[in-house]
Amino acid sequence: MPATITAGRWTNWAGNQSAAPAQVVSPGSAEELAAVVRQAAEQGRTVKAIGSGHSFTAIASAEGGVLVRPEGLCAVHELDRAAGTVTVEAGLPLNRLNRLLATAGLALTNMGDIDVQTVAGATSTGTHGTGRDSASLAAQIKAVELVLADGSVRRCSPTEDPELFAGARLGLGALGVLSTVTFGVEPAFLLTAQEQPMGFAEVLDRFEELSSVNEHFEFYWFPHTDRCSTKRNNRSHGPAAPLPAAKAWLEDDFLSNTVWEGACRIGRAFPRTIPVIATVASRAWSERSYTDTAHKVFTSPRKVRFIEMEYAVPRAAATEVLRELKALVERSDWRISFPVEVRCAPADDLWLSTANGRDTVYIAVHLYRGTAEQGYFTAVEQLMTAYQGRPHWGKLHSRDAEYLADVYPHFKDFTALRDRVDPERRFANAYLRRVLGA
């Protein structure tokens with residue numbers, strides 16, 4: 001289920017963020033969206049667009065302001081095969097975009113591990129997958145159209161208002177409200193996934209090899225164990241050999257969601273059982289291989305609700321950070337039921353990308369919903385920031401503008417652009433005031 005709006009109150013997917021907007025609107029075009037922004041300015045209200053509510057931070061909170069729902073902005077404007085682009089409205093969910101592209105024999109180059117977010121929500125928060133050569137969703141953007149604070153509709157690209165484009169590709173919703181996004185696309189391709197259990201020490205000893213040889217490498221480490229589940233995705237000439245439907249349902253839905261939900265509930269009620277649950281869970285992930293359409297390999301259903309913190313650290317420091325993280329868990333009395341997720345990304349040039357200017361490894365920690373925090377996130381954050389870690393904009397963290405200005409080379413460029421296009425902070429909220437400054 002996505003975010004919900006009940007009795008005038010918005011709640012995100014995880015249930016850890018909520019807000020009471022003064023007004024809820026569902027514009028059906030860029031012109032209607034511009035009218036909403038102009039009216040909000042006349043009334044002295046802020047404007048925030050929501051996606052599917054998969055951010056764990058309050059980045060989309062419209063407390064006391066105008067909340068823009070995405071459902072009315074889901075059309076496809078243009079699919080240009082010659083240029084290798086597709087232009088869609090900002091509220092279109094990624095899973096619908098993937099199906100549209102597949103029908104046309106096209107695909108995005110890389111994806112995150114879920115596809116329920118809207119294109120604007122995913123790109124504006126820096127959603128990413130794992131890749132040796134291919135970067136985040138926002139890095140695949142070729143142009144955007146957005147409504148600025150004065151109600152004007154502005155298109156930007158590398159050649160058309162390039163400074164605005166530099167900031168708006170990954171803009172946190174701080175520069176305006178996106179109305180359309182143009183992605184670069186390519187001919188549809190198959191991926192072969194190889195999933196294999198592996199020991200923690202072996203993964204780290206072979207990390208450079210595994211992440212260099214494979215186009216897409218990621219792994220999950222189960223706290224309280226020495227076991228990991230690794231996944232290598234590489235392009236294939238085929239033929240397609242997807243998992244049989246019954247096996248896919250059993251392993252990727254029933255075991256990974258229904259059974260896992262039950263195990264997490266037991267662990268939350270009886271924390272002492274978590275190390276045993278972790279051991280059993282880590283052994284349940286068996287070796288398998290399959291070949292399928294790219295987006296079906298990149299993404300998986302995620303139905304168990306949790307909260308998450310993720311930091312991007314320099315790739316050169318990744319194995320050292322992970323060893324310290326394991327030692328941190330082992331000397332604590334924490335009981336962590338969710339595995340730690342590790343992914344990779346090449347350096348990119350997006351101003352507020354967590355991979356800006358440096359090859360990056362993402363380390364994500366999770367807690368099942370309703371689980372006491374126990375100081376886990378706090379201690380992990382202290383570890384990550386000791387290595388100049390950059391927090392995912394849509395995942396929990398406590399960093400502020402002072403810290404972030406030191407770890408982002410283009411932070412001042414972005415805030416100067418914000419001053420120019422939104423001097424009255426029409427698109428601000430409490431979260432943006434913390435991370436960007438007032």
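Residues numbered from 1 in each chain as written. Predicted model: local features only at pLDDT ≥ 70, side-chain atom pairs only at ≥ 80, totals over all residues. Heavy atoms only, no water.

Asker: Help me get a handle on the packing of aromatic side chains, residues and values and all.
Answerer: Per the stated rule, a full pass over the model turns up 13 aromatic pairs. For the pair F207 and F217, a centre-to-centre distance of 6.2 Å together with 65 degrees between the ring planes defines the contact as edge-to-face. Linking F207 in helix α6 (residues 207–213) with F217 in strand β15 (residues 216–221), this pair joins segments that are 10 residues apart in sequence. The pair F207 / F217 is uniform in exposure class, with both members buried. Ring plane angle 75 degrees and centroid distance 5.6 Å describe the contact between W260 and F338, whose orientation is recorded as edge-to-face. In this pair, W260 is assigned in helix α7 (residues 245–269) and F338 in the loop between α10 (318–330) and β19 (340–345), connecting sequence segments 78 residues apart. In this structure W260 comes out as buried when scored by relative accessible area, which is 13%. Among the aromatic residues, those joined into a ring-pair cluster are W13, F56, W260, F306 and F338. (Phe/Tyr/Trp six-rings, centres within 6.5 Å; stacked < 30°, edge-to-face > 60°. Helix = DSSP H or I, 4+ residues; strand = E, 2+ residues; numbered from the N terminus. Buried < 20%, exposed > 50% of the residue type's maximum accessible area, 1.4 Å probe, protein only.)

Asker: Which residues make up the environment of R420, and what are the values?
Answerer: Assignment of secondary structure puts R420 in helix α13 (residues 411–421). With 187 residues separating them in the primary sequence, R420 and N233 have C-alpha atoms 43 Å apart. For R420, the residues in contact, after removing those within four places along its chain, are D161 and E163. One polar contact links R420 to E163, side chain to side chain, over a distance of 3.1 Å. (Contact = heavy atoms within 4.5 Å. Polar contact = N/O pair within 3.5 Å; in protein donor to acceptor, adjacent residues only side chain to side chain.)

Asker: How would you summarise empty space enclosed by the protein if you had to cite specific residues and measurements?
Answerer: Considering all chains together, one arrives at two cavities of 30 Å³ or more under this definition. Forming the walls of the largest cavity are N98, L101, A102, L106, A107, L108, M111, A188, T293, A294, H295 and F298. Elements supplying a minimum of two residues to the lining of the largest cavity: α2 (94–103), β9 (106–107) and α9 (294–298). In terms of residue class, the lining of the largest cavity is made up of nine nonpolar, three polar and no charged. Size it by volume and the second largest cavity reaches roughly 60 Å³. If you trace the second largest cavity, you find it lined by N110, M111, G112, D113, G129, T130, E218, N233, F298 and R343. When the residues that make up the lining of the second largest cavity are grouped by side-chain class, the tally is two nonpolar, five polar and three charged. (1 Å grid on protein atoms, 1.4 Å probe; cavity = no way out; pocket = protein on both sides within 12 Å on 5 of 7 lines; lining within 4 Å. Points joined across faces, edges and corners; volume = space filled by probe spheres on them. Nonpolar A, V, L, I, M, F, W, Y, C, P; charged D, E, K, R; others polar.)

Asker: Break down the sheet that holds strand β4 (residues 23–25) for me, with residues and values.
Answerer: With respect to topology, three strands assemble into an open sheet ordered β4-β6-β5, the strand pairing being parallel. Both outer strands of the open sheet, β4 and β5 (47–49), are each paired with one neighbouring strand and no more. On average, each strand axis in the sheet is inclined to that of its neighbour by 25 degrees, with strand direction left out of account. Relative to strand β6 (residues 66–68), β5 is paired through three bridges, and the arrangement is parallel. Each residue of the ladder has a partner; that of V47, found in β6, is V66. Its contacts with the sheet place helix α1 (residues 30–43) against β4, β5 and β6, and it is angled at close to 170 degrees to β6. (Pairing = 2+ DSSP bridges. Axes fitted to C-alpha atoms, helices over the stretch in contact; angles between N-to-C directions.)

Asker: Which residues make up the sheet that holds strand β8 (residues 85–89), and what values go with them?
Answerer: As a general point, the strands of a sheet are linked pairwise by backbone hydrogen bonds and lie either parallel or antiparallel. Taken in spatial order, the five strands line up as β7-β8-β12-β10-β11 in an open sheet, and their pairing is antiparallel. Edge positions in the sheet fall to β7 (76–80) and β11 (153–156), since each of these pairs with one other strand and no more. Adjacent strand axes in the sheet meet at a mean angle of 10 degrees, parallel and antiparallel pairs treated alike. Together, β7, β8 and β12 (177–184) form the strand contacts of α2, whose direction differs from that of β8 by roughly 145 degrees.

Asker: I'd like to hear about the packing of α7 against helix α8 (residues 274–284), residue by residue, with values.
Answerer: Where α7 contacts α8, the axes come no closer than 9 Å and their chain directions differ by 160 degrees. In terms of axis orientation, α7 runs roughly antiparallel to α8. Where α7 crosses over α8, the handedness of that crossing is left-handed. When α7 is examined against α8, the residues W260, A263, I266 and G267 are found in contact with a partner set consisting of I274, I277 and A281. Split into classes, the residues belonging to the contact of α7 with α8 amount to six nonpolar, one polar and no charged. (Parallel < 35°, antiparallel > 145°, perpendicular 65-115°, else oblique. Left-handed = near helix turned anticlockwise from the far one by under 90°.)

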